Amino acid sequence: MVIVLSRTYFPDGTNGKLECEGKFICNTIELPWKKNEKKVSCIPEGKYCIRKRYSDKFKWHLEVMNVENRKGILIHPANNALLELKGCIAPVTKISGAGLGLMSRSAFYKLKESIYKRLDREEDVCLIVQPACSEQVLKL
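These figures come from a predicted structure and were not determined experimentally. (Residues numbered from 1 in each chain as written. Predicted model: local features only at pLDDT ≥ 70, side-chain atom pairs only at ≥ 80, totals over all residues. Heavy atoms only, no water.)

**Observations concerning the confidence of the model for the chain**
(1) Moving on: Of all residues in the chain, 95% have pLDDT values of 70 or greater, and the mean over the chain is 93.
(2) Moving on: The model gives residues 135-140 a pLDDT under 50, and that stretch makes 14 contacts with residues more than four places away or in other chains. (pLDDT = per-residue confidence, 0-100. Contact = heavy atoms within 4.5 Å.)

**Focus: the packing of aromatic side chains**
(1) Moving on: Under the criterion given, the structure shown has 3 aromatic pairs.
(2) Moving on: Aromatic side chains Phe-108 and Tyr-109 sit 5.8 Å apart centroid to centroid with 55° between the ring planes, which places their arrangement in the tilted category.
(3) Moving on: Classification of Tyr-109 as partly exposed rests on a relative accessible area of 43%.
(4) Moving on: Put simply, the rings of Tyr-54, Trp-60 and Tyr-116 pair up and form one aromatic cluster.
(5) Moving on: Looking at Lys-52, its charged tip hangs above the ring of Tyr-116, at a distance of 4.7 Å from the centre.
(6) Moving on: Stacked on the ring of Tyr-116, the Lys or Arg Lys-112 has its end atom at 5.6 Å from the ring centre. (Phe/Tyr/Trp six-rings, centres within 6.5 Å; stacked < 30°, edge-to-face > 60°. Buried < 20%, exposed > 50% of the residue type's maximum accessible area, 1.4 Å probe, protein only. Lys NZ or Arg CZ within 6 Å of the ring centre and 35° of its normal.)

**Some points on the state of the cysteines**
(1) Moving on: Across all of its chains, the model carries 0 disulfides by this definition.
(2) Moving on: Left without a disulfide partner, Cys-42 is nearest to the cysteine sulfur of Cys-88, which lies 12 Å away.
(3) Moving on: Classification of Cys-42 by relative accessible area gives buried; the value is 0%.
(4) Moving on: Free of any disulfide, Cys-49 has its nearest cysteine sulfur in Cys-126, 4.4 Å distant. (Disulfide = S-S within 2.5 Å.)

**Here we look at the pattern of salt bridges**
(1) Moving on: With the rule as written, the count across this model stands at 8 salt bridges.
(2) Moving on: A salt bridge links Glu-19 to Lys-17; its shortest N-O distance comes to 3.8 Å. The same class applies to Glu-19 and to Lys-17, which are both buried.
(3) Moving on: Of the charged contacts in the structure, one is a salt bridge between Glu-123 and Arg-118, with a shortest N-O distance of 3.6 Å.
(4) Moving on: Salt bridges here are not isolated pairs; linked through shared partners, they connect Arg-51, Arg-53 and Glu-63. (Salt bridge = Lys/Arg side-chain N within 4 Å of Asp/Glu carboxyl O.)

If you want it as structure tokens, here you go:
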């Protein structure tokens, strides 16, 4: 399974759209791009593997593996990138501003359900992070 995250960058946050096989899954929010600095930047564009992960804070969620010079990059619910993220990716139902979204938990459960089915069958799940094409630019 390959999931594509197409991003649009803004000074105060990064907004994106997640798709699988051309089908829209959900929107995303992240921190702004700050040269992959730990805890203040979104991760670099590239291809990553996804795995299941459990923590007391987020319960069952997803982890983005093998991010250069970074650890603990997760996919988990959040509605405000600057206040709630430290490099992670948050699925959201609707974008409400740069790095801001609404109904994250709902979008996260939809994404998690789809990915966990594949991981439970021991299929590989890859995330491709890329810039958005001009026709994909999200309206704020």
